[in-house]
Amino acid sequence: MKAIKLIGTVLIVLGLALAIMGNKFAWFTPNNEPEARLNCPVFNEGCVFHFEEQAYRIKSQAPLNANKPVQLQLTGKASVVHASWQMQGMEMGPNNYRLISNDQLHWSAQTALPICTNKRQDWLLKLNIDGRSIHIATVSH
């Protein structure tokens, strides 16, 4: 009986230690924070950002409009690129676009801004490039 209590106590202590260490080092929680953030108020003019020594330029072909498709264009070396539109501080449901490239340097995708019943115009483009994440704040007109 004492052996069972001892084993139980040891397991509880190990569990607590694992929970504390996991919380401290974020072993059990996904890292949803982007590596970078960028403010790009005039999205169709484009904005430049860097991951380490690689430069990227993101833009739309035309000014952002909630009623029209958004043609995204990214320039920069990558293997896989995904994009998702959200509102500032508000998840807009799943929308995930894969950008396509013929040369792994020039990327594009036809996307759409999610429908917003509040008629807000503040947007957040969540861009994932080879597993690296950047959130780009912008506005539509």
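From a predicted model like this one, the values you see are computed outputs, not experimental measurements.

Conventions and cut-offs
Residues numbered from 1 in each chain as written. Predicted model: local features only at pLDDT ≥ 70, side-chain atom pairs only at ≥ 80, totals over all residues. Heavy atoms only, no water. Core = buried A, V, L, I, M, F, W, Y, C linked by side-chain atoms within 4.5 Å. Buried < 20%, exposed > 50% of the residue type's maximum accessible area, 1.4 Å probe, protein only. Helix = DSSP H or I, 4+ residues; strand = E, 2+ residues; numbered from the N terminus. Contact = heavy atoms within 4.5 Å. Pairing = 2+ DSSP bridges. Polar contact = N/O pair within 3.5 Å; in protein donor to acceptor, adjacent residues only side chain to side chain.

**Considerations on the nonpolar core**
Part 1 of the argument: With 30 residues, the main nonpolar core has Phe43, Phe49, Leu74, Trp85, Leu127, Ile129 and Ile136 as its most contacted residues.
Part 2 of the argument: Contributing elements (two or more residues each) for this core: strand S1 (36-39), strand S2 (47-51), strand S3 (54-60), strand S4 (70-75), strand S5 (81-87), strand S8 (106-111), strand S9 (122-129) and strand S10 (132-139).
Part 3 of the argument: Residues within four places of Phe43 in sequence aside, it is in contact with Ile58, Lys59, Ser60, Leu64, Leu72, Trp85, Leu125, Ile136 and Thr138.

**Quick notes on the environment of Thr75**
Part 1 of the argument: Mapped onto the elements, Thr75 comes out in strand S4.
Part 2 of the argument: Judged by its relative accessible area of 35%, Thr75 is partly exposed.
Part 3 of the argument: Through-space distance from the C-alpha of Thr75 to that of Trp107 is 6.2 Å; in sequence the pair is 32 residues apart.
Part 4 of the argument: If we ignore the near neighbours within four places in the chain, the residues touching Thr75 are Ala55, Tyr56, Arg57, Leu105 and His106.

**Things to note about the sheet that holds S4**
Part 1 of the argument: Pairing in this open sheet of 5 strands is antiparallel, and the strands run S2-S3-S4-S8-S7 from one edge to the other. Looking along the sheet, the strands with just one partner apiece sit at the ends: S2 and strand S7 (100-101).
Part 2 of the argument: The pairing of S3 with S4 spans 4 bridges and is classified as antiparallel. Looking across to S4, one finds that Lys59 is bridged to Gln73.

**Quick look at the side chain of Ser101**
Part 1 of the argument: In this fold, Ser101 is placed in strand S7.
Part 2 of the argument: A polar contact is formed between the side chain of Ser101 and the backbone nitrogen of Gln104, at a distance of 2.7 Å.
Part 3 of the argument: Within the local environment of Ser101, its side chain forms a polar contact with the backbone oxygen of His106, the two atoms lying 2.9 Å apart.
Part 4 of the argument: With residues up to four places along the chain from it excluded, the contact list for Ser101 reads His106 and Trp107.

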